[in-house]
Each structure stands twice: as C-alpha cells, then as structure tokens.
Amino acid sequence: MEKYETHTHDVIVIGAGGAGLRAAIEASAQGASVGLVCKSLLGKAHTVMAEGGVAAALANVDTKDDWKTHFHDTMHGGKMLNNWRMAQLHAQEAPDRVKELEHWGALFDRTKDGKIMQRAFGGHTWKRLAHVGDRTGLEMIRTLQDRGIHSGMEVYMECTITHLLKDGERISGAFGYWRESGRFVLFKTKTVIIATGGIGKAYKVTSNSWEYTGDGQALAYEAGADLIDMEFVQFHPTGMVWPPSVRGILVTEAVRGEGGLLTNRNGERFMEKYDPERMELSTRDVVARSIYTEVMEGRGSPHGGAYLDISHRGADYVKKKLPSMYHQFMEFAEIDITKEPMEVFPTTHYIMGGIRVDADTAGSTVPGLFAAGEAAGGMHGANRLGGNSLSDLLVFGRRAGLGAAQYANELRDNALKIDDVELEKAAREMTRPFENAEGENPYTVHQALQEAMGAYIGVFRTREKISDGIEEIQVLKDRASQLRIEGSRMFNPGWHLCKDLKSMLIVSEAIARCALQREESRGAHSRVDFPKYDDEKWGRVNSVISKENGNMKIGTSPLPQIPEELRKIVEGGHK
Amino acid sequence: MAVVKMRLYRGDSNGGAEKEYEVPLEEGMVVLDAIHFIQANYDGDLAVRWNCKAAKCGSCSAEINGMPKLTCKTRLDTLPLDKPVTVYPIKTFPIIKDLVTDVSWNYKVRKTIPPFTPAKDTKWVMYQEDVERGQEFRKCIECFLCQDVCHILRNHDKKNEFIGPRMLIKIAELEMHPLDTLDRKEFLRDQAGIGYCNITKCCTEVCPEHIHITDNAIIPLKERVADTYFDPLQWLLEKFKGSPKQ
Ligand SMILES: Cc1cc2nc3c(=O)[nH]c(=O)nc-3n(C[C@H](O)[C@H](O)[C@H](O)COP(=O)(O)OP(=O)(O)OC[C@H]3O[C@@H](n4cnc5c(N)ncnc54)[C@H](O)[C@@H]3O)c2cc1C
Ligand code: SF4
Ligand code: SF4
Ligand code: FES
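Residues numbered from 1 in each chain as written. Chains lettered and ligands numbered in written order. Predicted model: local features only at pLDDT ≥ 70, side-chain atom pairs only at ≥ 80, totals over all residues. Heavy atoms only, no water.

Peer 1: Would you mind showing me how to read the overall build of chain B here?
Peer 2: Assigned secondary structure in chain B consists of 10 helices and 7 strands. For chain B, the spread of C-alpha atoms along the principal axes amounts to about 70 × 40 × 30 Å. Only carbon and sulfur atoms are counted for the fraction: they give 53% of the accessible area of chain B, which is about 10,700 Å². (Helix = DSSP H or I, 4+ residues; strand = E, 2+ residues; numbered from the N terminus. Areas by Shrake-Rupley, 256 points an atom, 1.4 Å probe, with all protein chains shown as cover.)

Rendered as structure tokens:
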C-alpha cells in the first residue's frame with residue numbers, strides 16, 4: 001500500500017459544525033487528546049447557514065416558558081416518535097448551553113432589559129428562539145470556532161473520512177484523504193464522534209450544501225451501527241423558487257416568526273384551511289404539505305409557489321430583523337421584500353432520522369462510536385421544530401464529547417489494533433475510479449439520483465412510487481460501481497463525488513426502505529395510501545436499518561417507554 | 001439558448017493557463033452555477049470551493065474579471081457578456097489548484113489573537129446599543145476578499161508583519177465587546193502591525209457583508225493605539241487608572 005500519514009488521538013470528531021465543535025471542546029476540556037476533522041475549511045460547515053435561531057426556554061421574553069413546555073412542544077412537533085429522554089435532556093439543558101455561548105463571546109440580540117432576545121417560531125408555545133437577526137448559525141459557529149482553537153485540539157481541515165476501522169467490535173481508527181493532495185491519512189483512535197450533518201444532496205431541490213451527502217450515516221451503517229427513522233426527511237415549507245439558480249435556497253422560518261403571511265394566487269390565506277389555529281406558525285410538515293397542495297391544485301404563484309409577504313412590517317423593521325433575507329432576495333431574485341411578496345415552495349432541508357444513540361452518552365450501538373447533531377436520530381421524532389437543531393447540537397455535542405472522553409479514559413492502556421487488510425481494502429476502493437478505462441461520469445449518476453429521490457420519495461409518497469424508487473436506487477448502485485474520472489488526486493471534486501455518491505446511495509436506500517415499511521402518515525412522512533396516524537401499530541415503533549451479511553436489513557424496535565410524570569407533561573395543555 | 005463564454009484559470013503551483021468553456025445561460029444564473037456546469041459537463045476535476053451558494057459561508061471567493069468577489073453572489077447578467085468572463089483564484093494566497101488557494105495563513109494568524117476574556121464575576125447584562133458595534137464585525141463570513149485586496153498583503157507580501165483587515169476587525173470586535181477585559185493595544189501595534197494600514201479602504205469596498213472595515217474598526221483601533229503609545233499624558237493616566245475600557 002502507498003505511504004500514508006498517521007495521527008493518534010483519544011477522540012476523533014468527524015465534522016466541525018455546531019455538534020462537532022461543541023463535542024471537541026468538551027472532550028478537550030475532559031483532558032482527552034482530540035482531533036477534529038472536517039471536509040471544508042473551519043467555520044464553513046452547514047451550521048454557518050442557520051438563520052432563525054436557537055430554541056431554549058430562557059423565558060426572557062415570555063416569562064411563563066420553562067423546560068416542560070419546551071419538552072411538550074418538541075414531543076408534539078415530533079408526533080410522539082421522539083426519544084423522550086433526548087427531548088427531556090434537550091429541553092432541560094438548552095438554556096445553559098445558550099448562556100454558555102454568551103460566556104464564550106457570542107453577541108445575541110438583546111431585550112430592553114439587557115437579556116438575550118427571543119422570537120416566535122412554528123410549534124413553539126412561547127417566544128423561544130435566541131437569535132442574531134437572521135444569521136444565528138454564523139454567530140454560533142464563530143463562537144465555537146474561537147473557543148475551539150484555544151482549547152488544545154488539533155484541527156484537520158479539508159480532510160474527508162471515508163472508512164471507519166475496528167479492532168473486533170470496537171472502533172480503532174478512521175481512514176480518509178486530504179482534499180488538497182488526495183493523499184491518504186489514518187487516524188488511530190479509541191473513539192469516533194460522528195457529527196457530519198445531513199443528507200440533503202441526495203435531493204435536487206434542497207437548502208443543503210455539497211457536504212450533505214450522508215457520509216456519517218453511511219460510515220456508521222458500514223461499521224455496524226443502527227440507523228433509525230430514516231423516512232423522516234424534513235421538507236422545509238419555504239425554499240426560494242425563482243430564478244432557477246437559487247431554487248431550494250432557504251427562506252428562514254423567522255419570516256413567518258416575524259409575522260409573514262402566506263397566500264395563494266387568489267389572495268387567500270390558505271393556512272386557514274389546514275391549521276386555522278396556528279396558521280403560518282403551524283409545524284413545518286403541515287405548512288409544507290399545505291403549500292404543496294395549493295400549488296398542485298392550481299392555486300400557485302407564477303413560478304409554482306405560494307406567496308410569502310412580510311412587507312406590512314415596514315422596511316426598517318424587515319431590514320433590521322431579516323437583513324440576510326432582504327439581501328438574498330434583492331441580489332438573487334431582484335425582489336424587494338419590504339415592498340413585494342416572495343415566492344416559496346418546499347425544499348429538502350433536514351433529516352430527523354439518523355444514527356441510533358443512547359440519550360445520555362450519545363453512544364451508538366458500536367462500542368467507541370458516538371454521534372451527535374443532525375447525523376444522530378431520535379431527538380426530533382417525526383418532525384423537527386425550527387430552532388431545535390441548533391440547541392440539539394449544543395446539548396448533545398457536549399454530551400457526546402463527555403461520553404467519548406469517558407470511554408477513552410476507561411480504555412486508557414488498551415492498545416487497539418488497526419486491521420491492515422481492511423485498511424488496504426479501503427485504500428483500493430478509493431483509487432479504483434482512476435483505474436476504470438470505461439464508466440460513467442459521477443456527476444451524471446448524482447443528478448439521476450437527485451431526480452429519483454425527488455420524484456419517488458418526496459413530500460407525498462405511495463407504495464408504488466417508493467417501490468419504483470427502490471428499484472431505481474438499485475440501478476444507480478450498479479451505475480455508481482463503474483465510474484470514471486479525469487485528472488489527478490489533487491483537489492479533484494469529481495473523484496470526491498465518487499465516494500460521496502456511495503454514501504448518498506446508502507442513505508437514499510435507507511430512506512426509501514423505511515418509507516415503504518411505515519404504512520401510516522406521521523410528521524414529515526406522508527403516505528397518500530395511508531393518510532392517517534396508526535398509533536396502535538406504527539406509533540409504538542422506530543424504524544431500524546442495519547447491515548446484515550452485506551445487505552440492508554429493515555425492521556422496527558419498540559419506542560423507549562416514557563415515564564409517567566413526563567407523559568403527563570406531554571398530555572397536559574401546558575400553556 | 002444564449003451561451004456565455006467563461007475563461008477559467010486552470011493550473012497549480014507549477015503553472016497553468018486560462019481555459020475557455022461555453023455555458024448555456026439561464027435566468028438569474030451566478031458565476032458559481034457556470035462553474036458547476038463546467039464541472040458536470042466538461043472537466044470533472046475542476047477545483048473550486050463552495051458550500052452555501054447563498055453568500056453566507058465565504059468559501060467561494062475568486063477574482064471575476066479581475067474583481068475580488070463571491071462567485072455564488074455574482075450574477076452573470078451583471079457582467080458584460082459580449083466578451084468572456086474570466087475567473088481566477090484570489091491572488092494574495094498561494095494557489096493549490098485551479099480556483100482553490102491555500103488560505104491556511106489566515107487560520108494561523110487568527111489563532112494568535114488573544115481571545116475573548118470576560119471578568120470572573122461578570123453579570124451577563126448587555127444592551128442592544130452596546131452589542132451593535134460588535135455585531136457588525138461578527139457578520140464577517142471569512143471570505144478573505146479583504147485580505148486578498150489589501151495591498152500590504154497582495155503587493156508587498158507583508159504577511160509576517162501585518163495580519164490584514166479581516167483580523168483587525170476580529171480584534172475590533174473583541175476590543176469593543178462590552179464585557180471583554182483584555183487590552184490588545186500592544187498586540188495591535190506589534191504583532192498585528194496596524195501601523196502598516198494606510199487607510200486606502202480597498203478592503204471595505206470588496207466586503208460582501210458591507211462591513212465598514214476601515215471607518216468603524218481600523219480607524220478607531222488606530223486611534224486607541226496612537227492615544228496610548230504616542231500621547232505621554234494618556235499613557236501616564238492609563239498607567240495609574242489601570243486602563244479601564246469604555
Ligand atoms: C439554510 C439553513 C438554515 C437553518 N436554520 C436553522 C435555524 O435557524 N435553527 C435551527 O435550529 N436549525 C437550522 N437549520 C438546521 C441546522 O443548521 C443544521 O441541522 C445543523 O447546523 C447541523 O449541524 P451539525 O453540527 O450536525 O452538522 P454541520 O454543521 O452540517 O457540520 C457537518 C460537518 O461534518 C463535516 N463532514 C461531513 N462529512 C464528512 C466526512 N466524510 N469527513 C470529514 N468531515 C465531514 C463537514 O465538513 C462539516 O464540518 C438550518 C439549516 C439550513 C440548511
Ligand atoms: S484600508 Fe488598510 S487594511 Fe484596508 S485595504 Fe487599505 S491598507 Fe489594507
Ligand atoms: S471582513 Fe468582509 S471581506 Fe473581509 S473576510 Fe470578512 S466578510 Fe470577507
Ligand atoms: S458558497 Fe458560501 S459564500 Fe459562496
């Protein structure tokens with residue numbers, strides 16, 4: 001095998017978004033030697049794009065708020081499929097995690113009395129989202145980045161992990177390549193924390209960046225970990241529609257949080273029909289389906305969307321509270337949102353499902369493998385509330401850092417082995433596309449996958465469509481096994497895509513198989529052929545994906561039992 | 001369908017040349033769309049950085065028709081299309097490949113900036129008017145276009161002496177944080193080399209976040225440094241008062 005470089009750490013964190021950074025900071029604070037690996041430059045992870053805010057029951061604006069109400073809202077938003085323990089820890093710990101950011105230098109918008117400002121968001125009973133205008137993610141990632149670089153961790157930027165290695169059942173290494181040189185690198189480590197984010201690039205219309213190829217979910221699956229609830233893909237109700245170049249780019253929910261109104265081509269506030277009580281601030285699954293239905297039934301705007309109007313709040317207010325939306329529409333669409341409505345349509349945004357983890361330690365079903373953030377499953381159930389991701393990253397990022405450091409500490413003198421055969425296999429898999437004289441362009445296969453996922457496993461699903469989708473994915477798997485690329489290994493996006501595509505195919509298949517199995521509609525998963533909740537059967541189980549004898553196995557497992565006192569909170573009104 | 005001619009720099013540290021491509025023009029298309037089209041249809045190994053495609057992450061900086069810009073924010077219909085659109089990597093940093101440069105220096109110097117340091121017994125109360133100045137600087141998406149255009153780095157290559165406008169606003173942000181207690185004036189004068197800046201304002205002009213780098217950050221910082229180090233009376237006063245920050 002060709003020469004490769006080796007680094008040794010107690011904890012390798014894959015991903016430098018909010019979850020990865022927070023995990024790395026915590027593990028470092030516990031005295032572990034930490035390596036933080038990310039595909040992009042530091043500070044460019046998806047978290048940087050988050051706009052609306054971070055949800056925490058600080059009760060600065062609505063003083064009646066408390067963790068119980070946040071917990072209640074989260075469980076209802078998730079249609080009771082959430083891991084109750086995660087939802088509880090999240091609601092209880094989010095306020096401290098947000099305040100901690102402030103102690104590390106973050107400058108949130110303020111209330112009149114000098115506290116952190118909070119805004120309304122869909123599905124949240126009270127004004128709960130701490131924010132900085134509409135660039136909350138940037139504030140969060142910079143704060144964590146600043147804290148992180150002074151915490152003693154090693155940062156490996158523009159380095160992609162392609163394989164996890166095990167010593168028997170335990171994690172012992174992570175293998176990958178430097179994007180810049182294409183050379184291989186091996187991290188010997190006692191633990192790996194996966195914080196790689198989501199899967200949106202498997203779809204054509206998405207708010208997600210090139211990084212969202214489901215690498216972490218695929219790595220965990222290949223290493224033998226369970227994935228749960230992969231059918232729950234969140235289609236954010238408001239993506240940009242026009243011009244084509246920006247189709248799918250997010251229009252933050254903060255627009256509705258600040259009073260934005262949705263109307264159809266006839267000027268009707270159509271949310272009256274779908275959720276008269278909460279209207280525009282209904283949960284995302286409901287708003288997305290409503291917009292979709294309006295457009296499909298012929299009441300859409302000229303470019304096939306709904307109108308979203310914030311102009312009645314006045315130009316000064318809009319520019320102050322939604323500055324990046326103002327610029328986004330001005331520059332990309334030549335629309336002045338202080339004067340005219342936007343056109344919006346659902347866009348693939350987030351995956352609720354992911355790696356199955358223990359709520360308290362973030363440990364997966366593989367010893368030494370942890371997961372946090374969007375890559376992990378369970379916290380959000382069948383539908384995530386806006387703002388609950390950023391808080392999730394902080395709460396479970398920290399817990400993953402703690403869990404991994406503790407595990408590594410207990411393993412202190414245990415020398416783990418790297419399996420040379422596996423290592424060589426990994427390297428060979430990576431170099432193969434250069435050897436293929438014939439084969440397809442990876443970009444073409446990627447586009448075909450994106451079309452298929454949108455067409456077969458989109459907002460509304462049926463058995464026929466999903467089955468067609470699964471067939472198509474099998475065909476694409478074959479096509480992806482014969483790819484041909486040009487150029488050298490130096491910074492070669494075509495080559496990078498070959499492996500990313502494999503990850504996307506794994507998560508796409510997982511999404512499709514879970515979607516086919518769950519014969520009900522719940523949260524973000526809408527089956528036209530099973531339009532109702534089936535609480536008796538499907539309300540009691542998580543979907544589970546695992547790898548068995550080289551094949552994808554689909555099944556279910558019972559939901560963790562919620563304790564009585566928490567059930568009461570969920571069932572109570574809590575206003 | 002209308003086509004646009006794109007001339008991209010292709011090469012690495014050993015040299016390279018422009019290569020011309022024809023790309024079909026769609027309404028609202030940005031330069032990054034054209035680059036993606038080229039990747040998918042002509043040269044799959046064309047190296048370019050991008051993430052958000054919404055002017056939020058600062059990954060996609062390049063020099064378009066000689067102007068430092070974000071490729072994801074530059075609409076083709078704002079450029080003269082009767083001649084080819086040229087796209088080059090930012091010049092101030094060493095090229096890795098095609099449009100990708102080695103910007104690691106920025107991360108290295110950033111680490112040397114003394115971090116946020118609140119007092120032990122801080123009561124975390126801040127008012128909107130107190131945080132607004134810092135918030136302006138914290139809009140920075142680290143695209144490094146200001147670093148690219150600053151002549152002290154670009155033409156004089158003073159990377160050992162001057163940390164550049166991006167890093168100066170980072171310091172300004174910390175210095176103007178209402179609850180920070182550290183004094184970075186010596187750092188500003190010595191390691192940061194603030195004296196090199198001769199206020200040409202080129203950095204402010206290219207900033208995609210419209211941060212008033214020179215007026216709101218560099219000039220006030222220069223004044224602080226000047227007051228402390230060149231005004232003996234001020235210097236004495238601060239020495240006795242223990243240098244409170246405003
Ligand atoms: C436009 C937009 C707006 C949003 N607004 C909000 C909001 O207002 N509130 C809210 O709560 N949520 C919001 N979200 C959701 C939220 O931002 C994300 O869910 C969250 O940031 C994910 O964080 P993360 O830490 O899990 O992953 P990310 O921040 O995506 O980080 C993933 C990291 O993993 C790395 N990585 C991936 N694969 C590999 C690999 N193979 N090898 C090495 N590194 C790898 C990447 O380089 C990156 O560093 C928004 C999302 C989008 C897209
Ligand atoms: S104003 Fe100063 S920092 Fe900005 S470009 Fe000019 S010399 Fe450089
Ligand atoms: S200050 Fe402006 S130009 Fe400079 S790095 Fe930040 S966003 Fe870019
Ligand atoms: S791709 Fe993020 S700023 Fe251009």
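There's more to say after this.
Peer 1: Looking at this structure, I do not really get the site of ligand 3. What am I missing?
Peer 2: Close to ligand 3 lie Cys 140, Ile 141, Glu 142, Cys 143, Phe 144, Cys 146, Ile 169, Cys 207, Pro 208 and Ile 213 of chain B, which account for all nearby residues. Among the residues forming the shell around ligand 3, the class breakdown is 9 nonpolar, no polar and 1 charged. (Near = heavy atom within 4 Å. Nonpolar A, V, L, I, M, F, W, Y, C, P; charged D, E, K, R; others polar.)

Peer 1: Looking at this structure, how should I read the site of ligand 2?
Peer 2: Residue and element names in this part refer to chain B. Cys 150, Cys 197, Thr 200, Lys 201 and Cys 203 are the nearest of the 14 residues found near ligand 2. Elements with a contribution of two residues or more to the shell around ligand 2: helix H5 (151-154), helix H8 (202-206) and helix H9 (213-230). Looking at side-chain class alone, the shell around ligand 2 contains 9 nonpolar, 4 polar and 1 charged residues.

Peer 1: Sorry, what's going on with helix H1 (residues 31-41) of chain B here?
Peer 2: Think of an α-helix as turning once every 3.6 residues; residues three or four places apart then point the same way. Among the 11 residues of H1 of chain B, 9 are classified as buried, and the element is accordingly described as predominantly covered. Of all the residues in H1 of chain B, the buried ones are Val 31, Leu 32, Asp 33, Ala 34, Ile 35, His 36, Ile 38, Gln 39 and Ala 40 of chain B. Of the surrounding elements, those touching the buried residues of H1 of chain B are helix H13 (442-456) and helix H15 (493-517) of chain A together with strand S1 (3-12), strand S2 (15-24), strand S3 (61-64) and strand S5 (85-88) of chain B. (Buried < 20%, exposed > 50% of the residue type's maximum accessible area, 1.4 Å probe, protein only. Contact = heavy atoms within 4.5 Å.)

Peer 1: Is there a simple way to explain the nonpolar core in this structure?
Peer 2: Most often, soluble globular proteins have nonpolar side chains that are buried together. The biggest cluster of nonpolar side chains holds 237 residues, and the ones touching the most others in it are Leu 164 and Ile 194 of chain A together with Met 6 of chain B. Ranked by residue count, the leading element in this core is H15 of chain A, at 13 residues. Each residue touching Leu 164 of chain A, except ones within four places of it in the same chain, is listed here: Ile 14, Ile 171, Gly 173, Ala 174, Val 192, Ile 194, Leu 219, Ala 223 and Leu 369 of chain A. Core analysis: the next-biggest nonpolar cluster, separate from the first, contains 9 residues, Met 75, Ile 562, Ile 569 and Val 570 of chain A among them. (Core = buried A, V, L, I, M, F, W, Y, C linked by side-chain atoms within 4.5 Å.)

Peer 1: Looking at this structure, I do not really get unusual backbone geometry. What am I missing?
Peer 2: Note on backbone geometry: most residues besides glycine have negative phi, and most peptide bonds are trans. All names here are of chain A. Looking along the chain, the bond that leaves Trp 242 and enters Pro 243 is cis, with omega of -5°. Structurally, the position occupied by Pro 243 is in the loop between strand S11 (233-240) and helix H6 (254-257). Residue Ala 362 is not a glycine yet carries a positive backbone phi of 65°. Tracing the backbone shows Ala 362 in the loop between strand S15 (354-355) and strand S16 (369-371). Judged by relative accessible area, Ala 362 falls into the buried class, the value being 2%.

Peer 1: Would you mind showing me how to read the domain arrangement of chain B here?
Peer 2: How big an interface is tends to be expressed through the accessible area that disappears when the partners come together. All names here are of chain B. Assigned domains of chain B: these are domain 1 (3-101) and domain 2 (104-241). When each unit is reduced to the centre of its C-alpha atoms, the spacing between domain 1 and domain 2 is 31 Å. Taken together, the contacts link 15 residues of domain 1 with 18 residues of domain 2. Interface area for domain 1 against domain 2, summed over the two sides, is near 1,200 Å², with a carbon-plus-sulfur share of 56%. Taken as a group, Pro 68, Thr 92 and Phe 93 account for 45% of the area that domain 1 buries against domain 2, more than any other trio of residues on that side. If you look at where domain 1 meets domain 2, you find 1 salt bridge. A salt bridge links Glu 63 to Arg 154, with the shortest nitrogen-to-oxygen separation between them at 2.8 Å. (Domains from an automatic or database assignment. Buried area = accessible area lost by both parts, 1.4 Å probe. Salt bridge = Lys/Arg side-chain N within 4 Å of Asp/Glu carboxyl O.)

Peer 1: Would you mind showing me how to read the environment of Tyr 196 of chain B here?
Peer 2: Along the chain, the position of Tyr 196 of chain B falls in the loop between helix H7 (185-189) and H8. Between the alpha carbons of Tyr 196 of chain B and Val 100 of chain B there is a distance of 28 Å; along the sequence they are 96 residues apart.

Peer 1: I would appreciate a short explanation of the packing of helix H2 (residues 104-112) of chain B against helix H6 (residues 164-175) of chain B in the present structure.
Peer 2: The relative placement of two packed helices comes down to the angle between their axes together with the axis-to-axis distance. Residues and elements named next belong to chain B. Contact geometry for H2 and H6: axes closest at 10 Å, N-to-C directions at 25°. Judged on the interaxial angle alone, H6 and H2 are roughly parallel. For H2 against H6, the interelement crossing comes out right-handed. Of the residues in H6, those touching H2 at Asn 106, Val 109 and Arg 110 are Arg 166, Met 167 and Lys 170. (Axes fitted to C-alpha atoms, helices over the stretch in contact; angles between N-to-C directions. Parallel < 35°, antiparallel > 145°, perpendicular 65-115°, else oblique. Left-handed = near helix turned anticlockwise from the far one by under 90°.)

Peer 1: Help me understand the interface of chain B and chain A in this model?
Peer 2: In this assembly, 62 residues from chain B lie in contact with 61 residues from chain A. Where chain B abuts chain A, roughly 5,000 Å² becomes buried across the two surfaces, and 53% of that area is made up of carbon and sulfur atoms. The largest share of the area that chain B buries against chain A comes from Asn 51, Lys 56 and Arg 138 of chain B, three residues that together contribute 15% of it. Ionic pairing is found between Lys 73 of chain B and Glu 331 of chain A, a salt bridge with its closest N-O pair at 3.4 Å. Remark: the boundary between chain B and chain A carries 38 residue pairs in polar contact (both at pLDDT 80 or more). No other element matches helix H3 (residues 128-137) of chain B, which puts 5 residues into the side of chain B that touches chain A. Each residue belonging to the side of chain B that touches chain A can be placed in one class, and the counts come to 30 nonpolar, 11 polar and 21 charged. (Polar contact = N/O pair within 3.5 Å; in protein donor to acceptor, adjacent residues only side chain to side chain.)

Peer 1: Even after reading the chapter, I still don't get the packing of aromatic side chains, so can you show me in this structure?
Peer 2: The description of an aromatic ring pair rests on the distance of the ring centres and on the angle between the ring planes. This model, assessed by the stated rule, comprises 18 aromatic pairs over all chains. Ring geometry for Tyr 156 of chain A against Trp 178 of chain A: centres 6.3 Å apart, planes inclined by 50°, an arrangement best described as tilted. Residue Tyr 156 of chain A is found in strand S6 (residues 154-156), and its partner Trp 178 of chain A is found in strand S8 (residues 170-178); the two are separated by 22 residues along the sequence. A ring pair is formed by Phe 162 of chain B and Tyr 196 of chain B, whose centres lie 6.4 Å apart and whose planes are at 50°; its orientation type is tilted. With a gap of 34 residues between them, Phe 162 of chain B in the loop between H5 and H6 and Tyr 196 of chain B in the loop between H7 and H8 connect regions that are remote in the sequence. (Phe/Tyr/Trp six-rings, centres within 6.5 Å; stacked < 30°, edge-to-face > 60°.)

Peer 1: Just to check I follow, could you spell out the pairing of strand S1 (residues 5-14) of chain A for this structure?
Peer 2: Regular strands place side chains that alternate from one sheet face to the opposite one. Residues and elements named next belong to chain A. Pairing between S1 and strand S9 (residues 184-194): 9 bridges, direction parallel. In the sheet register, Glu 5 faces S9, and the bridge partner there is Val 185. In this structure, S1 lies alongside strand S2 (residues 34-37), joined through 4 bridges in parallel fashion. For Val 11, the partnering residue across the bridge sits in S2 and is Val 34. This β-α-β element, S1 to helix H1 (residues 18-29) to S2, shows right-handed connectivity. (Pairing = 2+ DSSP bridges. Right-handed = clockwise from strand over helix to strand, strands pointing away.)

Peer 1: Looking at this structure, how should I read the domain arrangement of chain A?
Peer 2: All names here are of chain A. Each assigned domain of chain A is listed with its residue range as follows: domain 1 (237-348) and domain 2 (427-552). Computed over C-alpha atoms only, the centres of domain 1 and domain 2 are separated by 30 Å. Taken together, the contact between domain 1 and domain 2 spans 5 residues of the former and 5 residues of the latter. Counting the surface lost from both domain 1 and domain 2, the interface buries some 430 Å², and carbon and sulfur atoms represent 70% of this. The tally of links between domain 1 and domain 2 comes to 0 salt bridges. Across the domain 1-domain 2 interface, the total number found is 2 residue pairs in polar contact (both at pLDDT 80 or more). Residue composition of the side of domain 1 that touches domain 2, grouped by class: 2 nonpolar, 1 polar and 2 charged.

Peer 1: What am I meant to see in the pattern of salt bridges here?
Peer 2: Pairing is possible between side chains of opposite charge, provided their charged atoms come close. Residues and elements named next belong to chain B. According to the stated counting rule, one finds 78 salt bridges over all chains in the structure shown. The closest approach of N and O atoms between Arg 224 and Glu 175, which form a salt bridge, is 3.5 Å. Placement of the pair is Arg 224 in helix H9 and Glu 175 in helix H6, with a sequence separation of 49 residues. No difference in accessibility class separates Arg 224 from Glu 175, as the two residues are buried.

Peer 1: In this structure, what is going on with the pairing of S8 of chain A? I would like to understand it.
Peer 2: All names here are of chain A. When you tally the buried positions in S8, you get 8 out of 9 residues, the bulk of the element. Of the pairings in the sheet, the one linking strand S7 (residues 159-167) to S8 comprises 8 bridges and is antiparallel in character. In the strand pairing of S8, Leu 164 is matched with Ala 174. Where S7 hands over to S8, the hairpin turn is made up of 2 residues, of which Gly 168 adopts a positive phi near 65°. The sheet contact formed by S8 and S9 spans 5 bridges and is antiparallel. Bridging across to S9, Gly 173 finds its partner in Lys 188.

Peer 1: Honestly, the side chain of Arg 110 of chain B in this entry has me stumped. Any pointers?
Peer 2: Positionally, Arg 110 of chain B belongs in helix H2. When near neighbours in sequence (up to four residues on either side) are disregarded, Arg 110 of chain B contacts Arg 142, Gln 145, Asp 146 and Ile 149 of chain A together with Glu 142, Arg 166, Met 167 and Lys 170 of chain B.

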